[in-house]
Every structure is written in structure tokens, then in C-alpha cells.
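Now for the letters of each chain:
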Amino acid sequence: MHRAETIILKLTAPSANKRAWLSQTSQAFRDGVGMVLGVAESEQTSSRAKLHNACYTANREETGLPSDYARMVVNAGVALARSYWGLRKKKRRASFPKVGKSQGIGLGVHAYAVLKRGERFFLRASTGKRGQYKWLPLSVPVHLASKLEFVHGDAKLFQRGQDWFAMLPLRLPHTPAVRDGEPTVLGVDLGVVKLMTVETPDGCKIWNGLPVRHRREHFASLRRRYQRHRRTDRIKAQSGKERRWMHDLNHKLASELVDMARFYPNAVIVFEQLDGIRDRVRGGKKFNRMMSSWTFRDLTDKVKYKAEAAGVDVVFVDPRKTSQTCCRCGHATRSNRTKQALFRCVNCGWSGNADRNAATNIAAAGLRTLQQGPTDTARSEESEQASSSLTTLDGVKVCETQVLHTDSNLVSPA
Ligand SMILES: [Zn+2]
């Protein structure tokens, strides 16, 4: 079993000579792709075989590209043409693609190798002449160095601004998610005031939600202004912008969480089941708008995806009472939460940060789920309606529920 991953590494200050080779090759590559697209448009085809026959030899003669590169030129042209016909099939308006300046240099499997010389890594690109190579120095972050031995498949060199980058595909051996030994559970409480509160064996880590809240309020006030002036075009453009921003933010949060978790042996990230989060949070309209379950669902999806790649497990637990239960004595009542931020147990007198209390309870519930399988209460009415799948985790059955979300808080103006 293997899993695929792609990494992007910057080339560290290639020499003038290497830069010249890079620009020249990428220009030849663009010319080649342009030719393929020309044929694709005039012949109305995206067939690889047809385009290869029509362009491969002509490409090599006109652009002077070596065979490995010429093959990638055809591939790049085919990919662009196919994306265009894909859009047309969906009745979307699109003009025939042109080769952009961002089009990089495709590197076939045989056109390059990643090699270590001393302490430094190089991408050795073939120039088409036997025994002649360009050694492009790679800037490799420490945590990626061990992955470079798994580089496998077609790669790409591309330029952004003044810098050159290498996009390298990896084929990593699959690590089983749960191994022998005790799991380390990390309970995660999601919220608005605190985006994420994570209880770990080494203490608690909190992601403050205030900057995000300000940003969303700013988006909301812009939206109201556009509405007053009936600028639907602006509203549309802005909701796209907001969505991209949210995706980006969730990517960062998910990466940070998974990076933290992977340090622990047999790490298991524990979330509450999403429907519960929306129900649990009370508050005004303003509060709810920012509590769009879409964003939480998006975040947990991203965490699941990244966690799988990192060999970290993700478990969902019943959200009921996690915020009202005392993590010290287990007493559960609403009067434990008279204030939003503070938890004060009416039974044993323990008091502390409310989010942290919830995160601790979530971690404990996650551990119970791992040890005993889901309890009856973990299957709420909503989740029974939704499609639920049982996955076996180290002999323990864990209920993972896919809940369909119809919430459109994020796009619908308040
Ligand atoms: Zn208590």
C-alpha cells in the first residue's frame, strides 16, 4: 500500500547559467504546449494519441526539446484541452485555453532525479545530451528531508516572481493508523471566541478566534453596504473571496493541529459530532452567523484528510453535555456554565476555562469510544438518518457519521 503526496520546494538561488537554462527551457516548453493546443483546437480533439502523432516530432524539431520533455509537452497540452472540454460539457462558458506564463516545465520520470550531495539536495535535470545535467540546488525544510527518497513520478519546475520551484510527487509507504500500544487522545473543542482548544498530554493549546471574528464582521459590514446599493455583482465576488479566505484559514488550522498530533505515539484527534456544535452554541443571530457549521465541517474534513496522511486517527464523539460536565467530578448541569468563558462546578467547586473543560471531556469521551466502541447515546437521531459507516479500529468498532449539511449561513447575507 502506498499513498501519494506532492511537495513544492524552492530552488536555492540557481546560478545565472542555470537560470538561463530554466528560462530558455520553459519558453521552449510553452511554445510546444501552444502548438499542441493549436492542433487540439483546430482538430477539436483532446486525444493523447492524436496530439502525440501530430505534435511530438514537430515539437522536438521546432523547440529543440529532448524526448522526455517533448512527451511532457503533449501531456500538458492534453490536460489543458481536457479541462476546457470538461467545462464545456458542464455548459460553462470558457474560452479555449492559452499557454500562460505560469506554465512550468514538465519533468518526465526519466528526465530528473533528486540526489543528495554532502548535506545538500539537488534536482538533477537532464539536458537531453548524454551525461550532461543541470544540478539545481533544492531548499529542503528539515521535516521534508526524509521524504525525498520517495520521490516518484512526473515532476514540474515553475517560476513565481523571481523564484523557481520544483513540484515533486511522492509515493510514500502507507503507515497503519493505529498501531500497538496506548493511544494518545487529543480532545478538540471548536468555537468562535476560541477557534480551537486542544487538550494534550502536555497541556492545553488555544487558537484565539478574535482576529477571525473581526475579519468576518468586516466581510458582513461590506455585504450590508453592497446590499443597500444593490450591488449583487459585488456581493457575489465578495462571497467568493470570503469562501477562499475561510478555506485557506481551515487549511492552516488543520495543518497546525495535525502537525501537533503527529508528535504523540498513536495520536487520535477527537472532535464532537458536528451537528451538536451548532445546537450547543446559543447566542444571537450575529453569533450564529459566525458559527456556520459549514466552516466546522470543512475544518474537520481537512483535518481528517491531513491526519490520514500523517498516520493520525480522527474520532467523533457525542457532543451532548461536554460543555456542561465537570471534567474533575463528572457532575453535569447547566448551572455549571453561568458565564460563557468560565466553568464553575456546583458540585465539587472546581473552576476553570470553559473551553478547556470541554476539550478535556471530549478527549475522555474519545478514549471511551476507542476502548468500548460507540455508546448508544453517541448515535443521535440525526446521525441515524444520515448514512453512517462502521470502521474497525484495532478490533474496536467506531461509528463515523456523515451528516449532510444544508446550512448556508456563510453565503446567505444576514
Ligand atoms: Zn465538579
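Residues numbered from 1 in each chain as written. Predicted model: local features only at pLDDT ≥ 70, side-chain atom pairs only at ≥ 80, totals over all residues.

Under an unreviewed UniProt entry, the protein chain has the name RNA-guided endonuclease InsQ/TnpB family protein and belongs to Deinococcus taklimakanensis.

Student: What exactly am I supposed to notice about the pairing of strand β3 (residues 112-117) here?
Tutor: In the case of a regular strand, side chains alternate between the two sheet surfaces. Examined bridge by bridge, β3 and strand β4 (residues 120-126) share six bridges and lie antiparallel to one another. Bridged to Tyr112 within β4 is Ala125. (Pairing = 2+ DSSP bridges. Helix = DSSP H or I, 4+ residues; strand = E, 2+ residues; numbered from the N terminus.)

Student: Would you take a moment to explain the nonpolar core for this structure?
Tutor: Across soluble globular proteins, you tend to see nonpolar side chains buried next to one another. Counting 37 residues, the largest nonpolar core has Val36, Val73 and Leu107 as its most contacted members. In terms of residue count, helix α3 (residues 67-89) provides more of this core than any other element does, nine residues in total. The two domains that each donate at least three residues to this core are domain 1 (13-106) and domain 2 (109-173). Grouped together as the second largest cluster of nonpolar side chains are 33 residues, Leu257, Val268, Ile269 and Phe316 included. (Core = buried A, V, L, I, M, F, W, Y, C linked by C-beta atoms within 7 Å. Buried ≥ 20, exposed ≤ 12 C-beta atoms within 10 Å, placed from the backbone. Domains from an automatic or database assignment.)

Student: Can you walk me through the packing of helix α1 (residues 16-43) against helix α2 (residues 48-63) in this structure?
Tutor: Angle between the axes and distance between the axes: these two values describe a pair of packed helices. One can describe the packing of α1 onto α2 by two numbers: an axis separation of 10 Å at closest approach and a directional angle of 145°. Here the hand of the crossing between α1 and α2 comes out right-handed. Residues Ala28, Asp31, Gly32, Met35, Val36, Val39, Ala40 and Glu43 of α1 touch α2, and the partners they reach there are Lys50, Leu51, Ala54, Cys55, Ala58, Asn59 and Thr63. Partitioned by chemical class, the residues of the contact of α1 with α2 number nine nonpolar, three polar and three charged. (Axes fitted to C-alpha atoms, helices over the stretch in contact; angles between N-to-C directions. Left-handed = near helix turned anticlockwise from the far one by under 90°. Contact = placed C-beta atoms within 7 Å. Nonpolar A, V, L, I, M, F, W, Y, C, P; charged D, E, K, R; others polar.)

Student: Teacher, can you tell me more about α2 here?
Tutor: Turn by turn, an α-helix covers 3.6 residues, leaving residues three or four places apart pointing in a common direction. For α2, spanning 16 residues, the distance from its first C-alpha to its last is only 19 Å, which falls clearly below the expected 22 Å at 1.5 Å a residue. At Cys55, α2 is deflected by roughly 40°, the largest bend along its length. Every buried residue of α2 is accounted for by Leu51, Ala54, Cys55, Asn59 and Thr63. For α2, the secondary structure elements touched by its buried residues are α1 and α3. (Expected span 1.5 Å × (residues − 1). Bend = angle between axes of the 7 residues up to and from the residue.)

Student: Mind showing me how you'd approach the packing of α1 against α3 here?
Tutor: For the pair α1 and α3, interaxial distance at closest approach is 8 Å and the crossing angle is 50°. Taken together, the axes of α1 and α3 are oblique relative to one another. With respect to the hand of their crossing, α1 and α3 are arranged in right-handed fashion. Side by side, α1 and α3 meet where Phe29, Gly32, Val33, Val36, Leu37 and Ala40 of the first sit next to Tyr69, Ala70, Val73, Val74, Ala76, Gly77, Leu80 and Ala81 of the second. (Parallel < 35°, antiparallel > 145°, perpendicular 65-115°, else oblique.)

Student: Is there a simple way to think about the sheet that holds strand β11 (residues 267-272) in this case?
Tutor: In a beta sheet, neighbouring strands are held together by backbone hydrogen bonds and run either parallel or antiparallel to one another. Spatially, β10-β9-β8-β11-β12 is the arrangement adopted by the five strands of the open sheet, whose pairing is mixed. Strands with a single pairing partner mark the edges of an open sheet, and in this sheet they are β10 (203-208) and β12 (313-317). Here the strands of the sheet are splayed against their neighbours by 20° on average, with no regard to which way each runs. Relative to β12, β11 runs parallel, the two being bridged by five bridges. Paired with Val268 across the two strands is Asp313, which belongs to β12. The strands that helix α10 (residues 354-372) touches are β8 (184-190), β9 (194-200), β10, β11 and β12; relative to β8, the one it contacts most, it runs at about 135°.

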